[in-house]
Amino acid sequence: MVQGTPFCNLDCDYCYLPDRGDRTRLSGAVLDAALDRVLESPYVAGPFTLLWHAGEPLTLPRSFYDAATARIEAAIARHPSRAGLRIQQCVQTNATTINRDWCDCLRRNNIAVGVGLDGQAFLHDAHRRTRTGLGSHAATMRGIGWLQREGIPFHVIAVLTRDSLDHPDAIFEFFREHNITDVGFNME
């Protein structure tokens, strides 16, 4: 798991991360060093996933991921014993910024996608709010719509809260109605 930025455009009440207003960005030099340490490790025996997570990864510009992909390829090239090693990138996002340009970037860099979505708007918006206190469900669903139209596979992680436990059938139906079939659940 790699944090490209601690910044998040949402202010979810169950988030455990501090400093979500910090717009610091992971430098290319730090990413290079991290990749080199991993690739030098005797514990890397095959392909693995680099997960962009924590903060909102898609608040960074698309050029960040183009550069990161190039840095991953360069790191593998610096370690000839790792020739042919596959490092799959994945991003865990709230999907609120996803549009056609983001879909192009995700496809271009072969980045797998996970989306945080807690079900219907009344459940999702109770906890996943913007910094001004507005719900984010509509924006998340707009981003999911882009992924679906562009044929980009994704999975969902839904946080189960005390309130959502009263609505298991409705949550199931919501995901089924929106053709969201790959869903994992985290307990608050």
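Provided above is the structure to which this section pertains.
As the structure is a prediction and not an experimental result, all values here were calculated from the model.

Participant: Where do I start with helix α6 (residues 168-177) in this structure?
Facilitator: Burial in α6 covers these residues: I171, F174 and F175. Each buried residue of α6 sits inside an arc of 90° when the element is viewed along its axis, so together they form one side. Away from the buried face of α6 by more than 90 degrees, exposed residues D169, F172, R176 and E177 are located. Backbone geometry just after α6 places N179 at a positive phi near 55°.

Participant: Would you mind showing me how to read the packing of aromatic side chains here?
Facilitator: Note on aromatic pairs: each is described by the distance of the centres and the angle between the planes. The final tally for this structure, using the stated rule, is five aromatic pairs. Arranged with centres 5.0 Å apart and planes meeting at 75°, the rings of F64 and Y65 form a pair that is edge-to-face. Residue F64 shares its accessibility class with Y65, and that shared class is buried. On the basis of an interplanar angle of 70° and a centroid distance of 5.4 Å, the ring pair of F174 and F175 is categorised as edge-to-face. Take F174: its relative accessible area is 7%, and that puts it in the buried class. F175 gets classed as buried once you look at its relative accessible area, which sits at 4%. Seen from the ring of W102, R62 lies directly overhead, with NZ or CZ sitting 5.6 Å from the centre. Taking the ring centre of W146 as reference, the NZ or CZ of R149 above it sits at 4.6 Å.

What counts, and where the lines are drawn
- Residues numbered from 1 in each chain as written.
- Predicted model: local features only at pLDDT ≥ 70, side-chain atom pairs only at ≥ 80, totals over all residues.
- Heavy atoms only, no water.
- Buried < 20%, exposed > 50% of the residue type's maximum accessible area, 1.4 Å probe, protein only.
- Helix = DSSP H or I, 4+ residues; strand = E, 2+ residues; numbered from the N terminus.
- Arc of directions from axis to C-beta.
- Phe/Tyr/Trp six-rings, centres within 6.5 Å; stacked < 30°, edge-to-face > 60°.
- Lys NZ or Arg CZ within 6 Å of the ring centre and 35° of its normal.

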